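The lines below spell out each chain.
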Amino acid sequence: MRDFITLDDLSNFEIEQIFRLADQMKEQPATWAGFCKGKILATLFFEPSTRTRLSFESAISRLDGRALGFTDPTSSSIAKGETIADTARMVANYADLITVRHNWAGSARVMAEYAQVPVINCGDGGHSHPTQGLIDLYTMIKRQGNIQKKTIGICGDLRYSRAAHSLAIGVARFGGQLVHIAPSGFQMPEWVITKLKHLYGVEPTKADRISDVIGNLDVIYVNRLQAERLPPGIDLQSAQKAYQLNSTIMESAKSSSMIMHPLPRVNELTYELDGDPRAAYFEQSANGVPVRMALMVSLLGLEHLVLTKPPEQEIMEDLQQCKNPNCVTGKEDYILSKSEVLSSQPMVRICSYCNELKD
Ligand code: NCD
């Protein structure tokens, strides 16, 4: 049984197979109707969502499966104090596949440990958003042909954006060059930088402003300020004004480049760009349906997925608590801290739930 909690749960080869399946599903959607007949998808959304939940529901419906779930956590027993582990055990009796979005980093991993059916992470706090990462890679490959040697600029709130974290790891795995463009205080977290270096040998270039690097970029990926996750004391209004992509800045970009955004946008991407042929963000969100159809069919074992999973990282129990205050290990008592060794010389360890660096 396979879960999809971070991009590292699938090998590059498996991702490519899923993309080939997504191509077929996009081209001939009717052929795939009936593929998930009798299958039930649970959508457990403890945080707001439009695209992710609806595209999963659309995807399972197109395959003739059904979806059940909730979008308001106050209507579930979690509001009565039920743990993630018990919720996972229960829901696994009602569904063949679980999608979950939750505000604690590492929560989807805990759910996967207790559910007897595959679990797909639809966003766990500020940690990762691997299905968005898949869709982003797929959309880049569709427009640019491949990712290898392309220069991908990720611009905006890189610190708190889980979509940016998954994207950076995906781009590094497929041989792209990364440029991180973030205002002060919103730079990519150290755990992502460390993973990029130790697991994939990638050291991103950094820039303060998009206008400094725009002419070099093949992909301009913008994301919004993750206002719901900012610590207290940050001046939201001035942080929000710190970056914006508009048509004046785009005048210096390559004609072959593309603009991406996981959406929703606030004011970091102006509406005047929507008519620009380089704007790919609505295409990106539309790709959410075939990519998620292909992922579900693969995880349910309905289409042969050649197993070439990357080697497991060494995971060990760890008495030292994770220092991330939003990590699931500090939220529910039965969850033991675990860590993963990225390098033994020098010793580099990360929390195996939220990936925060351990001392
Ligand atoms: C993203 C998320 O929830 O992390 N949304 C999405 O799924 N497309 C990005 C965001 O909310 O900014």
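Analysis parameters
- Residues numbered from 1 in each chain as written.
- Predicted model: local features only at pLDDT ≥ 70, side-chain atom pairs only at ≥ 80, totals over all residues.
- Heavy atoms only, no water.
- Helix = DSSP H or I, 4+ residues; strand = E, 2+ residues; numbered from the N terminus.
- Rg over C-alpha atoms; globule rule 2.2 N^0.38 Å.
- Buried < 20%, exposed > 50% of the residue type's maximum accessible area, 1.4 Å probe, protein only.
- Contact = heavy atoms within 4.5 Å.
- Areas by Shrake-Rupley, 256 points an atom, 1.4 Å probe, with all protein chains shown as cover.
- Lys, Arg positive; Asp, Glu negative; His and termini not counted.
- Charge placed at Lys NZ, Arg CZ, Asp CG, Glu CD.
- Axes fitted to C-alpha atoms, helices over the stretch in contact; angles between N-to-C directions.
- Parallel < 35°, antiparallel > 145°, perpendicular 65-115°, else oblique.
- Left-handed = near helix turned anticlockwise from the far one by under 90°.
- Nonpolar A, V, L, I, M, F, W, Y, C, P; charged D, E, K, R; others polar.
- Domains from an automatic or database assignment.
- Buried area = accessible area lost by both parts, 1.4 Å probe.
- Salt bridge = Lys/Arg side-chain N within 4 Å of Asp/Glu carboxyl O.
- Polar contact = N/O pair within 3.5 Å; in protein donor to acceptor, adjacent residues only side chain to side chain.
- Patch = residues over 30% accessible without salt bridge, like charges linked within 9 Å, V, L, I, M, F, W, Y side chains within 5 Å.
- Pairing = 2+ DSSP bridges.
- Expected span 1.5 Å × (residues − 1).
- Disulfide = S-S within 2.5 Å.
- Near = heavy atom within 4 Å.

## A look at the overall build of the protein chain
Broken down by element type, the protein chain carries 12 helices and 13 strands. Taking 2.2 N^0.38 as the reference for a compact globule, 359 residues should give roughly 21 Å; the C-alpha atoms of the protein chain span a radius of gyration of 20 Å, in line with that estimate. Reported as C-alpha extents along the three principal axes, the dimensions of the protein chain are approximately 55 × 50 × 40 Å. Across the 359 residues in the protein chain, those meeting the buried criterion constitute 57%. Considering only residue pairs separated by 6 or more positions, the protein chain has 72% of its internal contacts joining residues 24 or more positions apart. On the protein chain, roughly 15,400 Å² of surface is accessible, and the fraction owed to carbon and sulfur atoms is 49%. Measuring between centres, the 37 positive side-chain charges of the protein chain sit 2 Å from its 41 negative side-chain charges.

## Looking at the packing of helix α2 (residues 51-62) against helix α12 (residues 288-299)
Relative orientation of the contacting elements α2 and α12 amounts to 60 degrees, with a least axis distance of 8 Å. The orientation of α2 relative to α12 falls into the category oblique. The two elements α2 and α12 meet at a crossing, and its hand is right-handed. Residue-level contacts link Arg51, Thr52, Ser55, Phe56, Ser58, Ala59, Ile60 and Arg62 of α2 to Gly288, Val289, Arg292, Met293 and Met296 of α12. Among the residues making up the contact of α2 with α12, the classes are represented as six nonpolar, four polar and three charged.

## Looking at the domain arrangement of the protein chain
Annotation of the protein chain at the domain level lists domain 1 (7-129 + 287-299), domain 2 (132-283) and domain 3 (314-351). Each of domain 1 and domain 2 has a C-alpha centre, and the two are 25 Å apart. At the interface, 27 residues of domain 1 touch 27 residues of domain 2. By the criterion of area lost to domain 2, the three top residues of domain 1 are Leu7, His129 and Asn287, representing 28% of everything that side buries. Counting the contacts that link domain 1 with domain 2 gives five salt bridges. Across the pair Asp23 and Lys142 runs a salt bridge, and its minimum N-O distance is 2.8 Å. At the boundary of domain 1 with domain 2, the tally comes to 17 residue pairs in polar contact (both at pLDDT 80 or more). For the side of domain 1 that touches domain 2, the secondary structure elements donating two or more residues are α1 (12-27), β3 (97-102), β4 (119-124) and α12. For the side of domain 1 that touches domain 2, the element with the highest residue contribution is α1, accounting for seven residues.

## Examining a nonpolar patch on the surface
On the surface, a nonpolar cluster with roughly 280 Å² of combined accessible area is contributed by Leu68, Met90 and Tyr94. Along the polypeptide, Leu68 turns up in strand β2 (residues 66-70).

## Some words on the pairing of strand β8 (residues 219-222)
Of the two faces of β8, the one lined by Val219 and Tyr221 and the one lined by Ile220 and Val222 are each fully buried. Sheet topology note: the β8/strand β9 (residues 258-260) ladder contains three bridges and is parallel. Considered in β9, the bridge of Tyr221 is made with Met260.

## Let's talk about helix α6 (residues 162-173)
The end-to-end C-alpha distance of α6, which contains 12 residues, comes to 17 Å, matching closely the 16 Å that a straight helix rising 1.5 Å per residue would cover. Within α6, 12 of the 12 residues are buried, which leaves it mostly tucked inside the rest of the structure. Of the residues making up α6, those classed as buried are Arg162, Ala163, Ala164, His165, Ser166, Leu167, Ala168, Ile169, Gly170, Val171, Ala172 and Arg173. Positive backbone phi, approximately 80 degrees, marks Gly175, located one or two places after α6.

## Here we look at α1
Because each turn of an α-helix spans 3.6 residues, side chains separated by three or four positions in sequence point in the same direction. Along its 16 residues, α1 runs 23 Å from first to last C-alpha, staying within 8% of the 22 Å computed at 1.5 Å per residue. Buried residues of α1: Glu14, Ile15, Gln17, Ile18, Phe19, Leu21, Ala22 and Met25, and no others. Check the buried side of α1 and you find it contacts α5 (130-144), α6 and α12.

## Quick notes on the state of the cysteines
Each disulfide consists of one covalent bond between the sulfur atoms belonging to two cysteines. A full pass over the atoms with the stated rule returns zero disulfides. Of all cysteine sulfurs in the structure, the one in Cys354 sits closest to Cys322, which takes part in no disulfide; the separation is 3.4 Å. Overall, Cys322 belongs to the buried group, its relative accessible area being 10%.

## Remarks on the site of the ligand
The environment of the ligand is made up of Arg51, Thr52, Arg101, His129, Gln132, Arg162, Arg224, Gln226, Pro262, Leu263 and Pro264. Here an oxygen atom of the ligand and a side-chain polar atom of Gln226 are 3.0 Å apart. At 2.9 Å, a backbone N or O of Leu263 approaches a nitrogen atom of the ligand. For the shell around the ligand, the domains that each give at least three residues are domain 1 (7-129 + 287-299) and domain 2 (132-283).

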